[in-house]
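Spelled out, the chains give:
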Amino acid sequence: MSSVTPTPHELQPQIIIAGVTPGQTAAYDALVAFGESDPDGFWLNEAKRITWTQDPTRASTSSFTGDVRIRWFEDGRLNASVSCLDRHLKERADQPALIWEGETDGDRRTLTYRELHTQVSRTANALRSLGVKKGDRVAIHLPMVAEGLISMLACARIGAPHVVMFGGFSPEGISERLVDSGAVAVITADTARRGSKRIPHKTAIDQALKHAGTIGAVRNVIVVTVTGDEVPMKDGRDIRFTDLIKNQSADCEPEIMNAEDPLFLLYTSGSTGKPKAIVHATGGYMVWASYTFGTVYPQEPGDVHWCTADIAWITGHSCVVYGPLANGTTTLMYEGLPSWPRAGRWWDIIQRNRVTSLFTAPTAIRALMREGDDFPGTFDLSSLRSLGTAGEPISADAWMWYYEVIGKSRAAVIDTWWQTETAGIILGPVVGATPMKPGSATKPLPGIGVVVTDDKGNVLEGAAEGCFCITTSWPGQARTIWQDHKRFRETYFTFSEGKYFTGDGVRRDEDGYYWITGRMDDVINVSGHRIGTAEIEDAVAVDHRLAEAAAVGIQHDLKGQGIVVFVVTRASRSGVRPEDIAAVISRNVGRYAAPEKVYLVSELPKTRSGKIVRRLLRKIAEGQTGEFGDLSSLADTSVVDTLIADVARQNQSENV
Ligand code: PRX
């Protein structure tokens, strides 16, 4: 772990104009102008990308003020799975819709659009046979297997919002989300492969359901056989996926939804300890997923798109499932890790499948970079046209490596900025029209208005640095936080009147390019996973030997940010060890939240009103011992020296 030093590339920002043509630039400029002059006309036109049972006649009727109301295409009616499957049956029934690559060599499955349609229909009928109805929530807790994508579309087919949960959540975390969402069924796996390890899925759900007790609404647990490991099955509640779909019909009448009916809920972290379920609506989301994916990754016949994101993230929803399928392309899913069972695994997949667009996260790019240039060099990566990245800031250095070593300076690097709440790309280049700048997510897509404000929410003009806000609604905007509209309004719409505040800091340069500087709230972005500092602190608080804790994010070479936790123990200390606390966090939040370091300290720095001064803790965690800036808000400044001494003592004892 060390702080990131500027690289030569960062010191010499450059513009890369590869592939930009006047024709495409003119078309792009015309689209931007259309979006600005007639937003309703612009979005009603984009709405034609998908199939409606009843076409919408109005675009947005949203308002960012008052109670905040986000509504799009309100009189339209549709089913999301029809736009992903049925509409393609005439033209491309025999084209692969999904290529699934397993972790084990040779483990591979291809489903054409016709086959995927059949699988989804049978799964949808199976869910209906269990009594799952329109509006019921269904939790999906699966590794990267085809059944994940199939289950999502099956839920969409019957109008049951899916709630996809990350395999790394702890049973407590799953339980909290099951209770909050009121899910009536869970689709899970026996166990999952993760390199040489096995990740328990079914037993995690069993434990989660025990925690949820009688408050939970889950009636059935459906178990996909992924590894074949033995798992306990509870009579009357648990059922094997294969048994369930075995005798189901391949015809399933889609449930026709109102545009504003929810398509899915997706949990993400905010500044409080309670994860929030972001709600996305059917019509707007489908238009938006189709538009953003189709604009940023234009697909040609025979293309194969590979987004490496887990389907439990918004990137997986929009760029593995809905975006690619709505655009009629072939989507690739890979079960395993980038370098398992050997380095070069990803490049082998690209070569064999002639992947045309790869979309991954900076964390993976940094890890692959570490393996050196030789591995990618031995594979034929010439099929690649676009190289996507999102989820975290990418340094100019990693950007250049991606561009030169993987793309051979031929493929465009597409850095896109978005969030669970935006559901699709807000900032990103349009290939052929937007010159690239390494490290910048470039500019807003046509139809989107963004601003930079000062910390009071006042709009800044020209080159400026400040807070990143969006000025008008977009079709894929989150509608609310599940059962907590007040939190939705307060989190995103009170910072600057009439604007959506993203929670991110940004710099706009003299060419109008945007450079994301990171989160401005108490959210840590570890390898692209959003984790609220309060989630970690709440998890620690359950241990009664501890008085209080503060978590901060520090720079980390590989993960982007790493977590450091400062803990004050109760008077007796009773033999608490940092590793015990790390274990409590992994157990209660999840393995992905495991801290880099836990420091036992005598006191936390606080303001006179009792607020923890994280800024100072962050600096101390990064090894700073002086020049802390203005400390006048501290209730007691002597705490600084004590903290530095506590930290130094523990770092030293570790080195002995
Ligand atoms: O801080 C921004 C960062 O990831 C956050 C959103 O995370 P999540 O809801 O998981 O959605 C990820 C969708 C890609 C943002 O608030 N972020 C996302 N993309 C970028 C980014 N930071 C810098 N550059 C990006 N391209």
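Residues numbered from 1 in each chain as written. Predicted model: local features only at pLDDT ≥ 70, side-chain atom pairs only at ≥ 80, totals over all residues. Heavy atoms only, no water.

**Describing empty space enclosed by the protein**
Quick reminder of the rule: Whether a set of points on the 1 Å grid over the protein atoms alone is a cavity depends on a 1.4 Å probe fitting there but being unable to get out, while an open set qualifies as a pocket with protein on both sides within 12 Å along at least five of seven lines; lining residues are those with an atom within 4 Å of a point. Grid points are joined across faces, edges and corners, and a volume is the space filled by probe spheres set on the points. Gly is placed with the polar residues, together with every amino acid not listed as nonpolar (Ala, Val, Leu, Ile, Met, Phe, Trp, Tyr, Cys and Pro) or charged (Asp, Glu, Lys and Arg).
Per the counting criterion, the structure on display carries three cavities of 30 Å³ or more. When its volume is computed, the largest cavity comes out at roughly 60 Å³. Lining the largest cavity we find Ile 16, Ile 17, Ala 18, Val 20, Ala 412, Pro 429, Val 430, Val 431, Gly 432, Thr 434, Pro 435 and Met 436. Its residues assigned to classes, the lining of the largest cavity shows ten nonpolar, two polar and no charged. Put simply, the second largest cavity is a space of about 40 Å³. Lining the second largest cavity are Val 164, Met 165, Phe 166, Phe 169, Arg 177, Leu 266, Tyr 267, Ala 312 and Trp 313. Across the lining of the second largest cavity, the residue classes break down as eight nonpolar, no polar and one charged.

**Some details on helix H7 (residues 146–158)**
Rules: Runs of E in the DSSP output that reach at least two residues are strands. Runs of H or I that reach at least four are helices, and both are numbered from the N terminus. Each residue after the first adds 1.5 Å to the expected span of a helix. For the exposure calls, accessible area comes from a 1.4 Å probe over protein chains only, and a residue counts as buried if that area is under 20% of its type's maximum, exposed if over 50%, partly exposed in between.
Taking 1.5 Å per residue, 13 residues should reach 18 Å; H7 reaches 19 Å between its end C-alpha atoms and fits that length. Most of H7 is tucked away: 13 of the 13 residues are buried.

**A closer look at the packing of aromatic side chains**
As a reminder, the rule being used: Aromatic pairing here means that ring centres of Phe, Tyr or Trp (its six-membered ring) are within 6.5 Å. Orientation follows from the plane angle: under 30 degrees is stacked, over 60 is edge-to-face, and everything else is tilted. Only lysine NZ and arginine CZ atoms are considered, and such an atom sits over a ring when it is within 6 Å of the ring centre and within 35 degrees of the ring normal.
Following the criterion strictly, the structure yields 32 aromatic pairs and no others. Within the aromatic cluster, the residues linked to one another by ring pairs are Phe 34, Phe 42, Trp 43, Trp 52, Trp 72, Phe 73, Trp 288 and Tyr 291. The ring of Phe 169 carries Arg 177 above its face, with NZ or CZ at 3.8 Å from the centroid. If you follow Lys 437 out to its NZ or CZ, it ends over the ring of Tyr 513, 4.8 Å from the centre.

**Describing the environment of Leu 631**
Quick note on the threshold: Residue contacts are counted whenever heavy atoms from the two residues lie within 4.5 Å of one another.
Within the fold, Leu 631 resides in the loop between helix H20 (614–621) and helix H21 (638–655). Taking relative accessible area as the criterion, Leu 631 reaches 18% and is therefore assigned buried. Note: C-alpha distance between Leu 631 and Ala 281 (350 residues apart in sequence) is 46 Å. Those residues in contact with Leu 631 that sit more than four places away from it in its chain are Leu 616, Thr 637 and Val 640.

**Some details on the site of the ligand**
To be explicit about the condition: In these notes, residues near a molecule or strand are those with any non-hydrogen atom within 4 Å of it. Polar contacts, as counted here, are pairs of nitrogen or oxygen atoms within 3.5 Å of one another; within protein the pair requires one atom able to donate a hydrogen and one able to accept it, and residues that are adjacent in sequence qualify only if both atoms are side-chain atoms.
The local shell around the ligand holds 16 residues, among which Asp 415, Thr 416, Thr 420, Arg 519 and Arg 530 are the closest. Residue Asp 504 places a side-chain N or O atom 2.8 Å away from an oxygen atom belonging to the ligand. Taken together, the elements giving at least two residues each to the shell around the ligand come down to strand E18 (412–416) and strand E24 (514–519). Among the residues forming the shell around the ligand, the class breakdown is six nonpolar, five polar and five charged.

**Concerning the layout of surface pockets**
Put simply, the second largest pocket is a space of about 470 Å³. Considering the residues around the second largest pocket, the lining is formed by 24 residues, among which Gly 35, Gly 447, Ile 448, Gly 449 and Thr 472 are closest to the centre. Breaking the lining of the second largest pocket down by element, the ones donating at least two residues are helix H2 (22–37) and helix H3 (39–46). Ranked by residues supplied to the lining of the second largest pocket, first place goes to H2 with four residues. Of the residues assigned to the lining of the second largest pocket, the class counts are twelve nonpolar, ten polar and two charged.

**Considering the sheet that holds strand E23 (residues 500–508)**
Defined as follows: Pairing between two strands is assigned when DSSP locates at least 2 bridges connecting them.
Reading across the sheet, the five strands line up as E20-E19-E21-E23-E24 and stay open at both edges, with antiparallel pairing between neighbours. Looking at the sheet topology across the chains shown, the edges are occupied by strand E20 (459–460) and E24. Taken together, the six bridges between strand E21 (residues 464–470) and E23 define a ladder with antiparallel strand orientation. Counterpart to Glu 465 in the pairing with E23 is Arg 507.

**Remarks on the side chain of Thr 442**
For Thr 442, the location among the structural elements is in the loop between E18 and strand E19 (450–453). Side-chain polar atoms of Thr 442 contact the backbone oxygen of Gly 428, separated by 3.4 Å. Residues contacting Thr 442, with those up to four places away along its chain left out, are Gly 428, Pro 429, Thr 434, Pro 435, Gly 512, Tyr 513 and Tyr 514.

**Some remarks on the nonpolar core**
Rules: Here, nonpolar core means buried Ala, Val, Leu, Ile, Met, Phe, Trp, Tyr and Cys residues that are tied together by side-chain atoms lying within 4.5 Å of each other.
One finds Leu 116, Leu 153, Leu 178, Met 286 and Tyr 322 to be the most contacted residues of the largest nonpolar core, which totals 184 residues. With nine residues, the single largest contributor to this core is H7. Residues within four places of Leu 116 in sequence aside, it is in contact with Leu 85, Ala 97, Leu 111, Leu 149, Ile 150, Leu 153 and Leu 325. If you look at the next biggest cluster of nonpolar residues, it comprises 23 residues, including Ala 621, Phe 628, Leu 643 and Ile 644.

**Quick word on the sheet that holds strand E13 (residues 276–281)**
Strand order across the open sheet formed by eight strands is E10-E9-E6-E4-E5-E12-E13-E22, with mixed pairing between neighbours. Each of the sheet's edge strands pairs with one partner strand only, and the pair in question is strand E10 (238–240) and strand E22 (480–481). Examined bridge by bridge, strand E4 (residues 138–141) and strand E5 (residues 162–164) share three bridges and lie parallel to one another. In the sheet register, Ile 140 faces E5, and the bridge partner there is Val 164.

**Some thoughts on helix H16 (residues 396–406)**
Three- or four-residue spacings in an α-helix give side chains the same orientation, since the helix completes a turn every 3.6 residues. Among the eleven residues of H16, nine are classified as buried, and the element is accordingly described as predominantly covered. Within the sequence span of H16, burial applies to Ala 396, Ala 398, Trp 399, Met 400, Trp 401, Tyr 402, Tyr 403, Val 405 and Ile 406. Backbone geometry just downstream of H16 places Lys 408 in the positive-phi region, at approximately 50°.

**Brief notes about the pattern of salt bridges**
Basically, it comes down to this: Should a side-chain nitrogen of Lys or Arg be within 4 Å of a carboxyl oxygen of Asp or Glu, the pair is scored as a salt bridge.
Considering all chains together, one arrives at 44 salt bridges under this definition. Linking Lys 134 and Asp 261 is a salt bridge whose minimum nitrogen-to-oxygen distance equals 4.0 Å. Residue Lys 134 is located in the loop between helix H6 (113–129) and E4, and its partner Asp 261 is located in the loop between strand E11 (257–258) and strand E12 (262–268); the two are separated by 127 residues in the primary sequence. Looking at Lys 134, the relative accessible area reads 39%, which means it is partly exposed.

**With respect to the environment of Ser 632**
Examined against the element boundaries, Ser 632 turns out to sit in the loop between H20 and H21. Residues Ser 632 and Thr 607, spaced 25 residues apart in sequence, show a C-alpha to C-alpha distance of 8.7 Å. There is a polar contact of 2.8 Å between the side chain of Ser 632 and the side chain of Asp 630.

**Brief notes about unusual backbone geometry**
In this structure, the amide linkage connecting Trp 340 to the following residue, Pro 341, adopts the cis form with an omega of 0°. Here Pro 341 is to be found in the loop between strand E15 (330–334) and helix H13 (345–353). The backbone of Ser 527 sits at a positive phi, close to 50°, despite the residue not being glycine. Of note, Ser 527 is situated in the loop between strand E25 (523–526) and strand E26 (529–532).

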